[in-house]
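The primary structure of each chain is shown beneath.
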Amino acid sequence: MVFRNRQAIPWPGRTVYKGMQRLQLPVGRIPDEALLAGLATGDPELAVTFVRRFQHTVFGVAIAVTRDAQLAEDIAQQTFERAWRHAQVYDARRGSVTTWLTTIAHNLAIDAVRSRRPEPVAPEDLDALLDVVTETPEQRALADEASAALRAAVAALPREQGRALAMAGIYGMTAQQIADWENIPLGTAKTRIRTAMGKLRATLAAPGPTRTGPARPDHAPDHEPPDHPPPDPAAPTPDPPRPDPTSPKRGGHD
Amino acid sequence: MTRNLTCEELRDTGAELALGVLAGRERAEATAHLDRCAECREYIEQLALVGDGLLGLLPGTEPPAGFETRVARRLSQAAAARDGHVVARGVGKRRERSRRGIRLRIASAAAVLALGLGAGGWAVGMAIENVAAGPARPAQTVPNMLRADLTGAVAGHREAAGEIYAHPGSPPGSPGLVFMSVDLADAGIKYSGKVICLLQRSNGTTVRLGTFHMRGGDAYWGAPASVNLSTVSGVRLTAADGSALATAHFSGR
Ligand SMILES: [Zn+2]
């Protein structure tokens, strides 16, 4: 415990308190986490502020995965309902409120698509999505440095790796589904996912900001490593179990 | 039966695991490895951040018109379903009294918070539609809500180490609520453990609001406050042994 001040400080019986003034607090200034906690007050202004602040992001994820406005709205509504119900389990150390909501919306959207459609994605949508995701940051008002670097790294991926990444990371397709869709061996699909993720991880781990523009020299081959047969020939089940959408789905170890 | 993977084998499927698209035996083998390998856990955490970052690149999209109102209705229905007995008794002072009575009987702070969500949710349901349906106002305000910076109880440290809000309760007459986000790490306080939250009143007395758990100086928490918030001048957070962690003073500006 780094807690240094072990001495109990006497509670001041009187404080230099100059009287209570009432604030008209602009709710736009409340930080995200406090706003989430504030949902518990039952204040309608806070609840609507919460929805207004995050509805773009939540609906954006839902529409990207489902490509169906009606379904996306239902998912976005469910996302806010879950956030409202589970505000207590939000853990700031695991990521921002935006990331938390994004994860909830993403999991709900993938589950909804899986239960409705045999084919999760259409190729023309996939390419359009990649174009949107990798468009230059000038077009995005709020692109911070880390996401600009990530965006550039995605843009620098060979197209087939970018597609595999989007299919797995955004549409929630398994390697087997990607292999079937792209008409490639399973081992190739797995390699594309792994290689793409490895490059992006290197970007995030790189010391100092990575500027946009040409990607840093990378030993990534322009063509893929030779296929090797997957260690387990048993095909994955088409619907991998997903954990509770209100908890971070990934690498959950706590 | 699952096979014991080597670290190298884990890294073959780690990206799929981190993206949530690994299934069946492969998933079981990978998670079994992570249970006993901290290094690979760290690796998967990094890949999971990449996955989160990828979702963060998706463009925001304006939802269809009326979305807020429909979310509000949904929250209202969910709250009504949960607090069905409250709704059935109808609106009025009796409900307020009974809710407060229930709250006072709950000892655990966690239970109080959970109840606050439930009962507060009902209020949200009723009132939120009016707010959402009304014209959008650029600068919304909550009347009579107090805000203060938390300051870490470290000599010489004056930086804000979190924020605290005291909400008078909605609708008027219902219990208020104090909520806060605390980040004491920058003040050098990386305390983990039980935290006691005391409300300080302008007459010098204190009221214990509740307890919560902090990890590494980080926490966010809220609880209903049955005291009249207009008499509250500040808040004090202490460790379980009574030593001070942080203080806040409400003062108008
Ligand atoms: Zn390992």
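Residues numbered from 1 in each chain as written. Chains lettered and ligands numbered in written order. Predicted model: local features only at pLDDT ≥ 70, side-chain atom pairs only at ≥ 80, totals over all residues. Heavy atoms only, no water.

(A) Broad picture of the overall build of chain A. From N to C terminus, chain A includes nine helices and one strand. In chain A, the order of α-helices and β-strands from amino to carboxyl end is β-α-α-α-α-α-α-α-α-α. Out of the 254 residues belonging to chain A, those deemed buried represent 50%. Pairs at least 24 residues apart make up 67% of the contacts formed inside chain A by residues separated by at least 6 positions. Accessible surface, chain A: about 11700 Å² in total, of which carbon and sulfur atoms supply 55%. (Helix = DSSP H or I, 4+ residues; strand = E, 2+ residues; numbered from the N terminus. Buried < 20%, exposed > 50% of the residue type's maximum accessible area, 1.4 Å probe, protein only. Contact = heavy atoms within 4.5 Å. Areas by Shrake-Rupley, 256 points an atom, 1.4 Å probe, with all protein chains shown as cover.)

(B) The packing of helix 7 (residues 159–169) of chain A against helix 9 (residues 186–205) of chain A, seen in detail. All names here are of chain A. Their axes nearest at 8 Å, the elements helix 7 and helix 9 cross at an angle of 95°. For the element pair helix 7 / helix 9, the angle class is roughly perpendicular. Residue-level inspection shows Glu160, Gln161, Ala164, Leu165 and Ala168 of helix 7 in contact with helix 9, the latter providing Arg192, Ile193, Thr195, Ala196, Met197, Lys199 and Leu200. For the contact of helix 7 with helix 9, a count of residues per class yields seven nonpolar, two polar and three charged. (Axes fitted to C-alpha atoms, helices over the stretch in contact; angles between N-to-C directions. Parallel < 35°, antiparallel > 145°, perpendicular 65-115°, else oblique. Nonpolar A, V, L, I, M, F, W, Y, C, P; charged D, E, K, R; others polar.)

(C) Main features of the coordination of the zinc ion. Residue and element names in this part refer to chain B. Donor atoms from the polypeptide that bind the zinc ion are Cys7 (SG), His33 (NE2), Cys37 (SG) and Cys40 (SG), placed at 2.0 to 2.3 Å. Around the zinc ion sit four donor atoms; with metal-centred angles ranging over 103 to 113°, the donor geometry is tetrahedral. Coordination of the zinc ion draws on donor residues from a single chain, spaced C-x25-H-x3-C-x2-C in sequence. Note that Cys7 is positioned in helix 1 (residues 7–18) and His33 in helix 2 (residues 24–36), a separation of 26 residues in sequence. Taking relative accessible area as the criterion, Cys7 reaches 35% and is therefore assigned partly exposed. A relative accessible area of 4% means that His33 is categorised as buried. (Donors = N, O, S within 2.8 Å, 3.2 Å for Na, K, Ca; no water. Tetrahedral: all angles 85-135°; square planar, octahedral: opposite > 155°, others 65-115°.)

(D) Fine view of the packing of helix 1 of chain B against helix 3 (residues 38–56) of chain B. Residue and element names in this part refer to chain B. Between helix 1 and helix 3, the shortest axis-to-axis distance is 9 Å and the interhelical angle comes to 30°. When the interaxial angle is binned, helix 1 and helix 3 end up roughly parallel. Our pair here, helix 1 against helix 3, has a crossing hand that is right-handed. Contacts between helix 1 and helix 3 involve Cys7, Leu10, Arg11, Gly14, Ala15, Leu17 and Ala18 from the former and Glu39, Cys40, Tyr43, Ile44, Leu47 and Ala48 from the latter. Among the residues making up the contact of helix 1 with helix 3, the classes are represented as ten nonpolar, one polar and two charged. (Left-handed = near helix turned anticlockwise from the far one by under 90°.)

(E) Main features of the nonpolar core. Counting 92 residues, the largest nonpolar core has A:Leu36, A:Phe50, A:Ile170 and A:Ile193 as the members making the most contacts within it. Broken down by element, this core gets its largest block of residues, eleven residues, from helix 2 (residues 44–66) of chain A. Other than its neighbours up to four places away in sequence, A:Phe50 contacts A:Leu35, A:Leu36, A:Leu39, A:Phe80, A:Ala83, A:Val97 and A:Leu101. Core analysis: the next-biggest nonpolar cluster, separate from the first, contains 31 residues, B:Ile164, B:Leu184, B:Ala239 and B:Ala246 among them. (Core = buried A, V, L, I, M, F, W, Y, C linked by side-chain atoms within 4.5 Å.)

(F) Region of the structure containing the environment of A:Asp127. Residues and elements named next belong to chain A. With respect to the helices, strands and loops of the structure, Asp127 is situated in helix 5 (residues 123–133). Owing to a relative accessible area of 25%, Asp127 belongs among the partly exposed residues under this scheme. Taking the C-alpha atoms as reference, Asp127 lies 9.2 Å from Gly162; in sequence the two are 35 residues apart. Beyond its immediate chain neighbours, meaning those up to four positions away, Asp127 contacts Arg159 and Arg163.

(G) Summary view of the environment of B:Thr151. All names here are of chain B. Examined against the element boundaries, Thr151 turns out to sit in strand 2 (residues 146–152). Judged by its relative accessible area of 19%, Thr151 is buried. Note: C-alpha distance between Thr151 and Asp183 (32 residues apart in sequence) is 9.7 Å.

(H) Spotlight on helix 9 of chain A. The end-to-end C-alpha separation of helix 9 of chain A is 28 Å, in line with the 28 Å expected for 20 residues at 1.5 Å each. The buried count for helix 9 of chain A comes to 14 of 20 residues, which makes it a mostly enclosed element. (Expected span 1.5 Å × (residues − 1).)

(I) Expanded view of helix 3 of chain B. Residue and element names in this part refer to chain B. Helix length check: helix 3 (19 residues) gives 27 Å between terminal C-alpha atoms against 27 Å at 1.5 Å per residue, within 8%. When helix 3 is considered as a whole, its buried residues turn out to be Cys40, Tyr43, Ile44, Leu47, Ala48, Val50, Gly51, Leu54 and Leu55. End-on, the buried residues of helix 3 take up no more than an arc of 155°, which puts them together on one face. Residues of helix 3 that are exposed and point more than 90 degrees away from the buried face comprise Glu39, Leu49 and Gly56. (Arc of directions from axis to C-beta.)

(J) Fine view of the packing of aromatic side chains. In the structure shown here, the tally under the stated rule is three aromatic pairs over all chains. Between the NZ or CZ atom of B:Arg11 and the centre of the ring of B:Tyr43, over which it lies, the distance is 4.2 Å. (Phe/Tyr/Trp six-rings, centres within 6.5 Å; stacked < 30°, edge-to-face > 60°. Lys NZ or Arg CZ within 6 Å of the ring centre and 35° of its normal.)

(K) Quick peek at the pattern of salt bridges. In this structure the tally under the stated criterion is 14 salt bridges over all chains. For B:Glu68, the salt bridge identified is with A:Arg52, shortest N-O distance 2.6 Å. One end of the pair, B:Glu68, is in helix 4 (residues 67–82); the other, A:Arg52, is in helix 2, on a second chain. For the pair B:Glu68 and A:Arg52, one class covers both residues: buried. Across the pair A:Lys190 and B:Glu16 runs a salt bridge, and its minimum N-O distance is 3.0 Å. Linking A:Lys190 in helix 9 with B:Glu16 in helix 1, this pair reaches from one chain into another. Neither A:Lys190 nor B:Glu16 differs from the other in exposure class; each is buried. Beyond isolated ion pairs, a larger network of salt bridges with shared partners links A:Asp127, A:Asp131, A:Arg159, A:Arg163 and A:Glu182. (Salt bridge = Lys/Arg side-chain N within 4 Å of Asp/Glu carboxyl O.)

(L) Here's a closer look at unusual backbone geometry. All names here are of chain A. In this structure, Arg67 is a non-glycine residue whose phi angle is positive, near 55°. Mapped onto the fold, Arg67 is located in the loop between helix 2 and helix 3 (69–85). Positive phi, normally seen in glycine, also occurs at Asn183, with a value near 60°.

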